[in-house]
Amino acid sequence: MDENVQNKDIILEVKGLKKYFPIEKNLFGKTLRSLRAVDDVSFAVARGTTIGVVGESGCGKTTLGRTILKLYQADGGTIVYNGEDITDIGKKKMRALRTSIQLIFQDPYSSLPPRMTVGAIISEAVRVHHIVPKDEIRQYVRDIMHKCGLQPQYYDRYPHEFSGGQRQRICIARALAVKPDLVICDEPVSALDVSIQAQIINLLKELQNTMGLTYVFISHDLSVVKYITDQILVMYLGNMMELGETEELFANPLHPYTKALFSAVPVPDPDLKMDRIILAGDIPSPANPPKGCKFHTRCRDCMNVCRFKEPAFVEVGPEHKVACHLYDQEVMQHLEEYDREWARMEEERLRQEAEKEAKRKGKRSKTAQDAPAAEAVEPDEALDDER
Ligand SMILES: Nc1ncnc2c1ncn2[C@@H]1O[C@H](COP(=O)(O)OP(=O)(O)O)[C@@H](O)[C@H]1O
Ligand code: SF4
Ligand SMILES: [Mg+2]
């Protein structure tokens, strides 16, 4: 176990987690090519705290959440929950875990069944999992509704009668009614108006304090993440870029990608000039990611070594890790050698390209030589036609 993790009450520890989606198979069903949605992700979360997972759309945040929840089977690595390795547990044990780890989705509109009343929605899992005795369910659900800021008289109403913010409160009440320890919040406020977002975030914080909950909080909105998290994991194309405590990361972001993301967070002081870093270019396709550092095609600090060598995840401070060659002493001390290696690789690439081009040209001129021979046949053919 990681040194930093040893003395804490760790509820969730993810080590080298991988989730690959097959994108090309052969006739026999064997995977030929896969998309690495989550690739070698590791972190630990102490009980009662929140880890934020941030990064642009498509970087693997949702896949990470769903793999921890075991909605997807991991393709590598381990998930240790409450001291137990749950990576490969059977269905029976998983049933018990289904209440202990809950998920709150981004879209409160589509995640509520329209034909069920609010009371029925929240009490369904309470009934199935025997959370409280049958005759106490109604009162228990009304209490949870009250905690989540929903008036108990809404018990018999239907989801369509509520606004977006209230629907998200219903989703939160449904998740919390089964007394979970860990809640994975996947962009829980992204679909809501800004004014409502703050209310929901405050509610989540309040419930965390009163119920001792642990959150994995997925978001692309850093101002929200700054407010609610204790540590932040920055992801890019399925890889971890940086991991650190929230305060430390905002005060001292190191990875060029984190710097660019954080530079876009508005600051409340109008006199403070923001040095916004614009990320050049689009995110490369995760099905065909760049070699070396996956971020190198958009990094303004890119060096030759970044184009072919994948950066290691190095510890740069207490509980602060970053995957960037700039912070890897071994690499930085040998930059000239890496430059020479890159020059050799480029030379070899150009040689191979020239060889291919020459072959192409050779083929073209051969067909060109063959063509007049074919034309020479034509008069005969013409004669044939005349005959
Ligand atoms: N079920 C799936 N099958 C194939 N590819 C998927 C699947 N789910 C997600 N992906 C791909 O995995 C990558 C990460 O997706 P996702 O985890 O949804 O990212 P995020 O939540 O950060 O936007 C994307 O390129 C996405 O297209
Ligand atoms: S390893 Fe290189 S390309 Fe990647 S973030 Fe660091 S400096 Fe940029
Ligand atoms: Mg997502």
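Before going into details, it helps to say that this report is about the structure given with it. (Residues numbered from 1 in each chain as written. Chains lettered and ligands numbered in written order. Predicted model: local features only at pLDDT ≥ 70, side-chain atom pairs only at ≥ 80, totals over all residues.)

**Focus: the nonpolar core**
Phase 1 of the analysis: Grouped together as the largest cluster of nonpolar side chains are 81 residues, with contacts concentrated most on Ala-173, Val-216 and Leu-233.
Phase 2 of the analysis: Tallying contributions element by element places strand β2 (residues 31-46) first for this core, with seven residues.
Phase 3 of the analysis: When near neighbours in sequence (up to four residues on either side) are disregarded, Ala-173 contacts Ile-122, Ile-144, Met-145, Cys-148 and Leu-150. (Core = buried A, V, L, I, M, F, W, Y, C linked by C-beta atoms within 7 Å. Buried ≥ 20, exposed ≤ 12 C-beta atoms within 10 Å, placed from the backbone. Helix = DSSP H or I, 4+ residues; strand = E, 2+ residues; numbered from the N terminus. Contact = placed C-beta atoms within 7 Å.)

**Details of the site of ligand 2**
Phase 1 of the analysis: For ligand 2, the set of nearby residues contains 14 residues, the closest of which are Cys-293, His-296, Cys-299, Cys-306 and Cys-324.
Phase 2 of the analysis: When its residues are assigned to classes, the shell around ligand 2 shows ten nonpolar, three polar and one charged. (Near = placed C-beta within 6 Å. Nonpolar A, V, L, I, M, F, W, Y, C, P; charged D, E, K, R; others polar.)

**With respect to the environment of Asp-221**
Phase 1 of the analysis: By the secondary structure assignment, Asp-221 is in the loop between β8 (214-218) and α7 (222-228).
Phase 2 of the analysis: Residue Asp-221 is classed as partly exposed on the basis of its 16 C-beta neighbours within 10 Å.

**Quick look at the packing of helix α5 (residues 164-176) against helix α6 (residues 194-211)**
Phase 1 of the analysis: At a minimum axis separation of 10 Å, α5 and α6 run at an interaxial angle of 20°. Overall, the two elements α5 and α6 adopt an arrangement that is roughly parallel. When you trace α5 past α6, the crossing you get is right-handed. Residue-level inspection shows Gly-164, Gly-165, Gln-168, Arg-169, Ile-172 and Leu-176 of α5 in contact with α6, the latter providing Ile-196, Gln-199, Ile-200, Leu-203, Leu-207 and Met-211.
Phase 2 of the analysis: Residues belonging to the contact of α5 with α6 are distributed by class as follows: seven nonpolar, four polar and one charged. (Axes fitted to C-alpha atoms, helices over the stretch in contact; angles between N-to-C directions. Parallel < 35°, antiparallel > 145°, perpendicular 65-115°, else oblique. Left-handed = near helix turned anticlockwise from the far one by under 90°.)

**Quick notes on the sheet that holds strand β1 (residues 10-25)**
Phase 1 of the analysis: Judged by pairing direction, the sheet is antiparallel, and its four strands sit side by side in the order β2-β1-β4-β5 without closing on themselves. In this open sheet, the two edge strands, each paired with only one partner strand, are β2 and β5 (84-85).
Phase 2 of the analysis: Helix α1 (residues 61-68) rests against β1, β2 and β4 (76-81) of the sheet, and its axis sits at about 70° to β2. (Pairing = 2+ DSSP bridges.)

**Topic: the environment of Phe-21**
Phase 1 of the analysis: Take Phe-21: it is sitting in strand β1.
Phase 2 of the analysis: Residue classification places Phe-21 among the partly exposed positions, given that 15 C-beta atoms sit within 10 Å.

**A word on the sheet that holds β8**
Whether parallel or antiparallel, the strands of a sheet pair through hydrogen bonds between backbone atoms.
Phase 1 of the analysis: Judged by pairing direction, the sheet is mixed, and its eight strands sit side by side in the order β6-β7-β8-β3-β9-β10-β12-β11 without closing on themselves. Only two strands of the sheet have a single neighbouring strand rather than two, namely β6 (101-104) and β11 (314-317). Strand after strand, the sheet turns through a mean of 20° between neighbouring axes, direction not considered.
Phase 2 of the analysis: With six bridges joining them, strand β9 (residues 231-236) and strand β10 (residues 239-245) adopt antiparallel strand pairing. Bridge pairing links Met-235 to Met-240 in β10.
Phase 3 of the analysis: The strands touched by helix α9 (residues 256-263) are β3 (50-54), β9 and β10; relative to β9, the strand with the most contacts, the crossing angle is about 110°.

**As for the site of ligand 1**
Phase 1 of the analysis: Neighbouring residues of ligand 1: Phe-21, Leu-35, Ala-37, Gly-55, Ser-57, Gly-58, Cys-59, Gly-60, Lys-61, Thr-62, Thr-63 and Pro-286.
Phase 2 of the analysis: For the shell around ligand 1, the elements supplying multiple residues, two or more each, are β2 and α1.
Phase 3 of the analysis: If you tally residues by element for the shell around ligand 1, the top one is α1, at three residues.

**Observations concerning α9**
Phase 1 of the analysis: Of all the residues in α9, the buried ones are Pro-256, Tyr-257, Thr-258 and Leu-261.
Phase 2 of the analysis: Close packing links the buried residues of α9 with β3, α7, β9, β10 and α8 (246-251).

**Considering the pairing of β4**
Phase 1 of the analysis: Relative to β4, β1 is paired through five bridges, and the arrangement is antiparallel. When the bridges of β4 are listed, Lys-18 appears paired with Gly-76.
Phase 2 of the analysis: Pairing analysis gives two bridges linking β4 to β5, with the strands arranged antiparallel. Among the inter-strand pairings, Val-80 is bridged to a residue of β5, identified as Asp-85.
Phase 3 of the analysis: Connecting the antiparallel pair β4 and β5 is a turn made up of two residues, with Asn-82 showing a positive phi of about 50°.

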